[in-house]
Amino acid sequence: MEIWINPACSKCRSAISLLDAEGAEYTVRRYLEDVPTEDEIRAVLDRLGLEPWDITRTQEAPAKELGLKDWAKDADSRDKWIAALSAHPKLIQRPIITAEDGTAVVARSEEAVRDALSR
């Protein structure tokens, strides 16, 4: 199991605390420092069953600078969104936990973390 975190994020710290309390084995990826490649983002999206715009933090400054709210959310624009997430990792929703069964969850709630633990 791997968890993508920003240590400054309270939701990330809560998820780590819960994983620790449950004795889970996991690795931490500080994705702002160890930036995911476009292929890694595609793989996580496949595991999540989501599209890149579903995990984009649209209120962040880079999103506004790029004008993401005006970007199309369709198959033709998917690669453009993924490239933006890789170029501006602060835009990636967090934390993301990749579960043992090959799936992943955006673990912004205790329930989501427990869901990842149960997989």
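The structure reproduced in this document is the subject of the present report.

About the cut-offs
- Residues numbered from 1 in each chain as written.
- Predicted model: local features only at pLDDT ≥ 70, side-chain atom pairs only at ≥ 80, totals over all residues.
- Heavy atoms only, no water.
- Helix = DSSP H or I, 4+ residues; strand = E, 2+ residues; numbered from the N terminus.
- Buried < 20%, exposed > 50% of the residue type's maximum accessible area, 1.4 Å probe, protein only.
- Contact = heavy atoms within 4.5 Å.
- Polar contact = N/O pair within 3.5 Å; in protein donor to acceptor, adjacent residues only side chain to side chain.
- Core = buried A, V, L, I, M, F, W, Y, C linked by side-chain atoms within 4.5 Å.

### A look at the environment of T103
For T103, the position within the fold is in the loop between β3 (96–98) and β4 (104–106). Relative accessible area serves as the criterion here: at 23%, T103 is assigned to the partly exposed category. Not counting chain neighbours up to four residues away, the residues in contact with T103 comprise R47, I97, T98 and R119. At a separation of 2.6 Å, a polar atom in the side chain of T103 contacts the side chain of R119.

### Details of the nonpolar core
I55, I92 and I96 are the most contacted members of the largest nonpolar core, which totals 19 residues. Among the secondary structure elements, those contributing two or more residues to this core are α2 (38–48) and α4 (78–87). Sequence-distant contacts of I55, that is, excluding residues within four places in its chain, are made with L45, L48, L50, L85, L91, I92, Q93, I96 and V106. Core analysis: the next-biggest nonpolar cluster, separate from the first, contains 16 residues, I5, L18, A24 and V105 among them.

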